[in-house]
Amino acid sequence: MADPVNAVPNWRSYTPAGNPEDPVRSDAVNGRMQNPGIQGGSASGLDVTTSVARASGAPTAHTLADHLKRILSPMDFGAKCNATIDDHVALSTAFAYVMATGNSLTFPAGRLCVNNAPIRISTGSGNIVDINFNSGGVVTTTGSDFLVFDGSNVPKMSGFNIHDGVFFDTAGKAKFVTVQNAKEFFGYFQSSIHGMSVPNKDPRYPNASVVSAGAGSLFYGQNVGHFSIYRNYGSFSRAFTEFTGVAKAVGTTGADQYSSDSDVYDNSVQGVYTQGSVAVRIHDHVQGIFVSRNRFLTFGYGVYMAPADHTGSEGMEIVDNGLNVKYGGIWIQGGLNIVSRNNLQAAANPSFIGYAIGSATASSVYSVITDNGANSLGGQPTQTTPVYQLYVSDGSIVTGNQTSGIWHGTCMTITTPEDTVSQTTISNNNCWQSGTISIFGGWNGNNNIYNASVGSPTTVNLSSTTNEAMTSVTPPNGAFYINGLATVKTTLQAKSLVLGSSVPATKTSPASYARLAYVNADPATHNISIGDATAATTYGGLLFMQPYTKSILLSKVKGVEGGMALCSDCAGGSAQPVIYSQGKWVPILLGAPLAP
């Protein structure tokens, strides 16, 4: 008689008796259980991945394998993510797989993986891959970059959304994400990095010491389009975000490649006050970068494009940012820019320039520069650079910009690199205790300068070159100097108008002559100095204007040696030019010096 306890049934011939006490009920076919029913206990060695299941509320069933592969984790590829062991091999395998297949990758919640070599990805499916750090993240202890996407041999790289985690490099110099040698990214590559934190101390140790930076950069992109960097936090030693394109090789028939149409917004990050520390670094062949609502603290530069990098770069929109910088705030050398409502504070270096917009060599420098601020500048006695260094062309608008704080250099210089400029507006720019406003270049037709205020005793200069058709010019409470050859065709109102040089001149070194076609100035309310008000023996100023009466000239118009005016009733009731000589107005053509 068979042992009733240890006997093993012959599955090939076994037929269940239908006893409800049986722990396993099945149909046996060729030694395999079909549709087993397991009640209580456990079972091992069963492969259920081919079983079919339907998600709650979904109409279509899929195998468990199909469901599981949509929720991949680095641990599925062998990663430990225990904040100690180097998971580089497993992480490399995981990223290569999801980028090639388009599956998502979700890190274990709150856990840190160590990665000590760059993960290089050169595969792609053309899909957008979700990479969720799930409040966990990656630590590197060697200073090596983390993710390097290389499109050299990939027809269509996968896009990605990387989000909600931590990255930290103990050396403080690694790049988190690099995209290089990308192709077909113009208008195609839609990716983002958001919700990432780069702390300034090692997240593995609660009592770790604070360091100056938790990484080198968050993102470096070459030929990327439609890329978004938003709501990230942390500290960086180099460029928080960097964009560049690639010019075609000389002598080839290929096309230039661009980074374009990308956003950097709502980030709060800090740098390390060195020249290499930049919040947003823009190189050549970059177009249409939108930088908005960011808080950039203690960087060397805020938004920076080197003077040599404007080739093919234009169309930046930089608005509503707060910056604390040492060497420069917003430096954009290309044209077609909008720079508006930004505010900077500076721990200023002697070579500091707050806003350097446009370039003397750029082909188009049309810009809108409005309502920006610069304060708490910390100017140094050796300061010679301007707070605003602006190059503008036809149709540009420079209005409502403010500067406050002691500044020993020029407050604002506005220059056109073109032969003539028209249809510009320069208005309501205010400089308090912070130097002069100087306007250079050739101006021709319907340009407006008005309400440009500076704090006494600073000045506004319109100088150094032929200036024509400056309309509606209203300088500040200080002095308004016109140097070189200037033509102003309509209303000019100023508490002090000086025709001539702002630099004291002598008989052997006379001031530049200024020619002014000028109407509607009322000496009863404005002090007019014809010549140079800074020296009593100055040769300067040649003034052609609507005639003043003899009584007005004698009582209201301050003469300086060599200054000229037009008297309406000094020659028998007809107009006659007069010159200020040896303390008196003297008719040039005939007659004795004017007397009451």
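Residues numbered from 1 in each chain as written. Predicted model: local features only at pLDDT ≥ 70, side-chain atom pairs only at ≥ 80, totals over all residues. Heavy atoms only, no water.

A separate point is the overall build of the chain. Of the regular secondary structure elements, the chain holds three helices and 49 strands. The buried share of the chain, reckoned over its 596 residues, is 49%. Approximately 25,900 Å² of the chain is accessible, and the part contributed by carbon and sulfur atoms is 51%. (Helix = DSSP H or I, 4+ residues; strand = E, 2+ residues; numbered from the N terminus. Buried < 20%, exposed > 50% of the residue type's maximum accessible area, 1.4 Å probe, protein only. Areas by Shrake-Rupley, 256 points an atom, 1.4 Å probe, with all protein chains shown as cover.)

What follows is about the state of the cysteines. Taken as a whole and assessed by the stated rule, the structure comprises one disulfide. Each disulfide pairs two cysteine sulfurs, and for Cys 81 the partner residue is Cys 113, the sulfurs being separated by 2.1 Å. Disulfide Cys 81 to Cys 113: torsion about the S-S bond roughly 80 degrees, handedness right-handed. Residue Cys 81 is located in the loop between helix H1 (64–69) and helix H2 (88–101), and its partner Cys 113 is located in strand S6 (residues 112–114); the two are separated by 32 residues in the primary sequence. (Disulfide = S-S within 2.5 Å.)

Moving on: the pairing of strand S14 (residues 217–222). With six of six residues buried, S14 lies mostly within the body of the structure. Relative to S14, strand S12 (residues 175–180) is paired through four bridges, and the arrangement is parallel. Of the residues in S14, the one forming a bridge with Lys 175 is Ser 217. Pairing analysis gives four bridges linking S14 to strand S17 (residues 239–244), with the strands arranged parallel. (Pairing = 2+ DSSP bridges.)

The next subject is the pattern of salt bridges. Charged atoms that come close allow side chains of opposite charge to pair. Applying the stated criterion to the full structure yields three salt bridges. Between Arg 204 and Asp 202 there is a salt bridge whose closest N-O contact spans 2.8 Å. Residue Asp 266 pairs with Arg 293 through a salt bridge whose shortest N-O separation is 2.8 Å. Of this pair, Asp 266 sits in the loop between strand S18 (259–265) and strand S19 (268–270) while Arg 293 is found in the loop between strand S21 (286–292) and strand S22 (295–304), placing the two residues 27 residues apart along the sequence. The partly exposed category is assigned to Asp 266, whose relative accessible area is 25%. (Salt bridge = Lys/Arg side-chain N within 4 Å of Asp/Glu carboxyl O.)

Let us now look at the nonpolar core. In this structure, Phe 160, Ile 162, Phe 176, Val 177 and Ile 193 are the most contacted members of the largest nonpolar core, which totals 84 residues. Take this core: its biggest share by element is six residues, from H2. The contact partners of Ile 162, leaving out residues within four places of it in the chain, are Ile 131, Phe 133, Leu 147, Phe 176, Val 177, Ser 192, Ile 193, His 194 and Met 196. (Core = buried A, V, L, I, M, F, W, Y, C linked by side-chain atoms within 4.5 Å. Contact = heavy atoms within 4.5 Å.)

Okay, the packing of aromatic side chains next. With the rule as written, the count across this model stands at 22 aromatic pairs. Over the ring of Tyr 220 we find Lys 175; its NZ or CZ atom is 5.8 Å from the centre of that ring. (Phe/Tyr/Trp six-rings, centres within 6.5 Å; stacked < 30°, edge-to-face > 60°. Lys NZ or Arg CZ within 6 Å of the ring centre and 35° of its normal.)

Note that Met 564 resides in strand S47 (residues 564–571). Assessed through its relative accessible area of 18%, Met 564 is described here as buried. Spatially, the C-alpha atoms of Met 564 and Ile 579 are 4.4 Å apart, while their sequence positions differ by 15 residues.

Further remarks concern the side chain of His 285. Position of His 285 relative to the elements: it lies in the loop between strand S20 (278–282) and S21. Here His 285 falls in the buried class, since its relative accessible area comes to 3%. Here the side chain of His 285 touches Asp 284 through a polar contact of 2.8 Å, side chain to side chain. The contact partners of His 285, leaving out residues within four places of it in the chain, are Thr 244, Gly 245, Val 246, Ala 247, Asp 256, Gln 257, Tyr 258, Ser 259, Thr 311, Gly 312 and Ser 313. (Polar contact = N/O pair within 3.5 Å; in protein donor to acceptor, adjacent residues only side chain to side chain.)

Here the focus is the environment of Ile 426. Tracing the sequence through the fold places Ile 426 in strand S34 (residues 425–427). C-alpha of Ile 426 to C-alpha of Ile 439: the two residues are 13 residues apart in sequence and 9.8 Å apart in space.

On to the side chain of Thr 415. As for its position among the elements, Thr 415 is in strand S33 (residues 412–415). Not counting chain neighbours up to four residues away, the residues in contact with Thr 415 comprise Leu 390, Tyr 391, Val 392 and Phe 440.

To continue, consider the environment of Phe 107. Relative to the assigned elements, Phe 107 resides in the loop between strand S5 (105–106) and S6. Note: C-alpha distance between Phe 107 and Val 138 (31 residues apart in sequence) is 9.7 Å. If near-sequence neighbours (up to four positions away) are discounted, Phe 107 is found in contact with Pro 74, Leu 91, Phe 95, Cys 113, Ile 131, Asn 132, Phe 133, Asn 134 and Val 138.

With 14 residues, H2 extends 20 Å between its outermost C-alpha atoms, agreeing within 8% with the 20 Å of an ideal straight helix rising 1.5 Å per residue. Along H2, the residues that are buried comprise His 88, Ala 90, Leu 91, Ala 94, Phe 95, Val 98 and Met 99. Considered in projection along H2, the buried side chains sweep an arc of 160 degrees and stay on one side of the axis. Tucked into the core, H2 has its buried residues touching S5, S6, strand S7 (119–121), strand S8 (128–132), strand S10 (147–150) and strand S11 (159–169). (Expected span 1.5 Å × (residues − 1). Arc of directions from axis to C-beta.)

With 64% of its residues at a pLDDT of 70 or more, the chain has an overall mean of 75. When the criterion is pLDDT under 50, residues 10–16 qualifies, and its contacts beyond four places in sequence or with other chains add up to seven contacts. A low-confidence stretch, residues 455–459 stays under pLDDT 50, and its non-local contacts, those more than four residues away or across chains, total 12 contacts. (pLDDT = per-residue confidence, 0-100.)

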